[in-house]
Amino acid sequence: MPIIIDGKLVASEVLKDLKEKTRQLKEKKNIVPGLALMLVGNNPASKVYVNSKRKACEDLGYFSVVEHMPEDTPEKKILELIEKWNSDERIHGILVQLPLPRHTNELKVTLKIKPSKDVDGFHPENFGRLVIGLPGFRPCTPAGILELLKFYKIQTYGKHVVVVGRSNIVGKPIANMLFQKAPEGNAIVTICHTAGGDIRKFTLLADILIVAAGRPQFITPDHVKEGAVVIDVGINRIDDPASPKGYKLVGDVDFDNVAPKTHAITPVPGGVGPMTIAMLMKNTFLSASGELGYEA
Ligand code: GUN
């Protein structure tokens, strides 16, 4: 029987630890971590995410601000609000929920966020810090994957990790994090993606297979080596007439058929998903406590 990696459990442990550290930071230094959240438009999934992030702040005793702006908000207004938050001392982290409406330039918005408050880790300065091995904010989902591996004592040293997917928010950063000369890195990393045709010749070599391809149940047992660790980052809705909602959530891995071959595997939902918010809260704490070494 494989180990089913329990993201809800690990996330709750991270949050419990942060709650205590937050209490101490307030007591010793009178600092309360603060997170500003921006939502533009009415994307239903984005509303749910932003609300969960706000609630996580409340649970930990963080200060939070939520600005919900209409779909047709001019880009200039978005940039002005970020500018205001950049210089607000109560705010240690700024998160603009993506995707933004089509008339706004996401890169321009990302670049406006001060790197020392970029708790999503999307600013090119933070991506550069990651690549050259400097401290900085690491994107939350990849950071959550490292936390899961650590919790389950899955070693990465010298292991062959294959990453399927090359997005800026998962594939590229997780690959960079895992090959770094660092205790949680030191892996041999291969990145492949769906433009490569049949990728089984790569995935079958993986000791640890990380899948962020955005394709439902794309990874089947014939992609996976016996005894591998499989981390599934995908969240896809597929039709399910048997469910009252008419759909169900599945990952990028065909879980039922792949799981028996693995040493350990993340389920969807309940695997990587719960870690993302926990790591956002951790990044906000690190920003407030000044542990990352940014110039003020
Ligand atoms: N939309 C989907 N995932 C994310 C995320 O991690 N951060 C932000 N800002 N927007 C998202």
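Definitions and cut-offs
Residues numbered from 1 in each chain as written. Predicted model: local features only at pLDDT ≥ 70, side-chain atom pairs only at ≥ 80, totals over all residues. Heavy atoms only, no water. Helix = DSSP H or I, 4+ residues; strand = E, 2+ residues; numbered from the N terminus. Rg over C-alpha atoms; globule rule 2.2 N^0.38 Å. Buried < 20%, exposed > 50% of the residue type's maximum accessible area, 1.4 Å probe, protein only. Contact = heavy atoms within 4.5 Å. Phe/Tyr/Trp six-rings, centres within 6.5 Å; stacked < 30°, edge-to-face > 60°. Lys NZ or Arg CZ within 6 Å of the ring centre and 35° of its normal. Pairing = 2+ DSSP bridges. Right-handed = clockwise from strand over helix to strand, strands pointing away. Near = heavy atom within 4 Å. Polar contact = N/O pair within 3.5 Å; in protein donor to acceptor, adjacent residues only side chain to side chain. Areas by Shrake-Rupley, 256 points an atom, 1.4 Å probe, with all protein chains shown as cover. Nonpolar A, V, L, I, M, F, W, Y, C, P; charged D, E, K, R; others polar. Salt bridge = Lys/Arg side-chain N within 4 Å of Asp/Glu carboxyl O.

### Describing the overall build of the protein
For step 1, the next point in the chain: When helices and strands are counted, the protein shows 10 helices and 11 strands.
For step 2, the next point in the chain: Its C-alpha atoms give the protein a radius of gyration of 19 Å, within 12% of the compact-globule value 19 Å for 296 residues.
For step 3, the next point in the chain: Counting the 296 residues in the protein, one finds 49% classified as buried.
For step 4, the next point in the chain: Of the contacts made within the protein by residues no fewer than 6 positions apart, 70% connect residues no fewer than 24 positions apart.

### Here we look at the packing of aromatic side chains
For step 1, the next point in the chain: The tally for this structure, following the rule as stated, stands at 2 aromatic pairs.
For step 2, the next point in the chain: Here the guanidinium or amino end of arginine 215 rests over the ring plane of phenylalanine 218, the centre of that ring lying 5.5 Å away.
For step 3, the next point in the chain: Across from the ring centre of tyrosine 247, 4.1 Å away, lies the NZ or CZ of arginine 237, which sits over that ring.

### A word on the pairing of strand 2 (residues 34-40)
For step 1, the next point in the chain: The buried count for strand 2 comes to 7 of 7 residues, which makes it a mostly enclosed element.
For step 2, the next point in the chain: Burial along strand 2 is two-sided: Gly34, Ala36, Met38 and Val40 and Leu35, Leu37 and Leu39, pointing in opposite directions, are all buried.
For step 3, the next point in the chain: Summarising the sheet, strand 2 and strand 3 (residues 63-69) pair through 7 bridges and their orientation is parallel. By the bridge assignment for strand 3, alanine 36 is matched with valine 65.
For step 4, the next point in the chain: Regarding the hand of the β-α-β motif, the stretch spanning strand 2, helix 2 (residues 44-60) and strand 3 is right-handed.
For step 5, the next point in the chain: Two strands pair when backbone bridges link them, and strand 2 and strand 4 (residues 93-96) are joined in this way by 4 bridges, in the parallel orientation. Pairing of leucine 35 across the sheet is with glycine 93, part of strand 4.

### Here's the deal with unusual backbone geometry
Leave glycine aside and you will find that most residues have negative phi; peptide bonds, for their part, are mostly trans.
For step 1, the next point in the chain: Across the junction of leucine 98 and proline 99, the peptide omega takes the value 5 degrees, indicating a cis bond.
For step 2, the next point in the chain: By secondary structure assignment, the location of proline 99 is in the loop between strand 4 and helix 4 (106-112).
For step 3, the next point in the chain: That bond from valine 268 to proline 269 is cis: its omega, -5 degrees, falls within 30 degrees of zero.
For step 4, the next point in the chain: Along the polypeptide, proline 269 turns up in the loop between strand 11 (264-265) and helix 10 (273-289).
For step 5, the next point in the chain: Phi at asparagine 186 is positive, roughly 60 degrees, even though this residue is not glycine.

### Brief notes about the site of the ligand
For step 1, the next point in the chain: In the vicinity of the ligand, the residues found are Leu95, Val96, Gln97, Leu98, Asp120 and Phe122.
For step 2, the next point in the chain: Glutamine 97 has a polar side-chain atom sitting 3.2 Å from a nitrogen atom of the ligand.
For step 3, the next point in the chain: In this structure, a nitrogen atom belonging to the ligand sits 2.9 Å away from a main-chain N or O atom of leucine 98.
For step 4, the next point in the chain: Against a free-state accessible area of 280 Å², the protein chains account for coverage of 78% of the ligand.
For step 5, the next point in the chain: Residues of the shell around the ligand, tallied by class, amount to 4 nonpolar, 1 polar and 1 charged.

### Overview of the pattern of salt bridges
For step 1, the next point in the chain: If you walk through the whole model with that rule in mind, you get 16 salt bridges.
For step 2, the next point in the chain: In this structure, glutamate 20 and arginine 23 form a salt bridge, with 2.8 Å as the shortest nitrogen-oxygen distance. One end of the pair, glutamate 20, and the other, arginine 23, are both in helix 1 (residues 7-29), 3 residues apart, so they sit about a helical turn from each other.
For step 3, the next point in the chain: Glutamate 20 sits in the partly exposed class, given a relative accessible area of 33%.
For step 4, the next point in the chain: With a shortest N-O distance of 2.8 Å, arginine 54 and glutamate 58 are connected by a salt bridge. Taken together, the residues arginine 54 and glutamate 58, both in helix 2 and 4 residues apart, mark about one turn of the helix.
For step 5, the next point in the chain: When its relative accessible area of 54% is taken as the criterion, glutamate 58 is described as exposed.
For step 6, the next point in the chain: The network of salt bridges with shared partners includes Glu20, Arg23 and Glu27.

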